[in-house]
Each structure stands twice: as structure tokens, then as C-alpha cells.
Amino acid sequence: MSNLAHADSTLVLLTVEEAARRLQIGRTTCFTLIRSGALESLMIGRLRRVPADAPAAYIARRRAEGFAA
């Protein structure tokens, strides 16, 4: 079974690594998207977390940009 199949769909926040796995990209690329503001994230104390719906929202925006181009 793939890592995606083991994803807990009840999670509200993801680690950067979990968000990267959902997007099927590397951790460094995920941090680049976060730094650029393309992928929503927030800090909780010293921990960086990505809202569980943010990866899907990022993909939806990218798809919409593709149709607009």
C-alpha cells in the first residue's frame, strides 16, 4: 500500500513532509512553495504546519492558471 493510502484524512494540519508527499514533490520544493507564498502554511510555536486542504487548493490554483493562460 502506498504512503498516500496510509494518510490520515482526519488530520487538520500536515507536516511539511506530509504535504510534500501529498503533492508528490520533495521536501525542499515544498519549502520553496511555502516561502514563495504559493502553499499556505503557519507556525505553531516553532513548528511549521500546512493546513490539510492547502495542497489541494494549490493544485486547484495551478490548474486554473493553466486554463487562463
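Residues numbered from 1 in each chain as written. Predicted model: local features only at pLDDT ≥ 70, side-chain atom pairs only at ≥ 80, totals over all residues. Heavy atoms only, no water.

Right, let's talk about the sheet that holds strand E2 (residues 42–44) for a bit. Across the sheet, which stays open at both edges, the 3 strands sit in the order E1-E3-E2 with antiparallel pairing between neighbours. Lying at the two open borders of the sheet, with one neighbouring strand each, are strand E1 (13–14) and E2. Strand direction decides the pairing type here: E1 and strand E3 (residues 47–51), joined by 2 bridges, are antiparallel. Its bridge partner lying in E3, Leu14 is registered against Val50. (Pairing = 2+ DSSP bridges. Helix = DSSP H or I, 4+ residues; strand = E, 2+ residues; numbered from the N terminus.)

It is worth spelling out a nonpolar patch on the surface at this point. A surface patch of nonpolar side chains, about 240 Å² in accessible area, is lined by Leu42, Ile44 and Leu47. Assignment of secondary structure puts Leu42 in strand E2. (Patch = residues over 30% accessible without salt bridge, like charges linked within 9 Å, V, L, I, M, F, W, Y side chains within 5 Å. Areas by Shrake-Rupley, 256 points an atom, 1.4 Å probe, with all protein chains shown as cover. Salt bridge = Lys/Arg side-chain N within 4 Å of Asp/Glu carboxyl O.)

Turning our eyes to something else, we now look at helix H1 (residues 16–23). Within H1, burial applies to Val16, Ala19, Ala20 and Leu23. The arc that holds every buried residue of H1, seen down its axis, measures 100°, which confines them to one face. Among the structural elements, E1, helix H2 (27–36), E3 and helix H3 (54–68) are those in contact with the buried residues of H1. Positioned one or two residues after H1, Gln24 has a phi angle of 55°, which is positive. (Buried < 20%, exposed > 50% of the residue type's maximum accessible area, 1.4 Å probe, protein only. Arc of directions from axis to C-beta. Contact = heavy atoms within 4.5 Å.)

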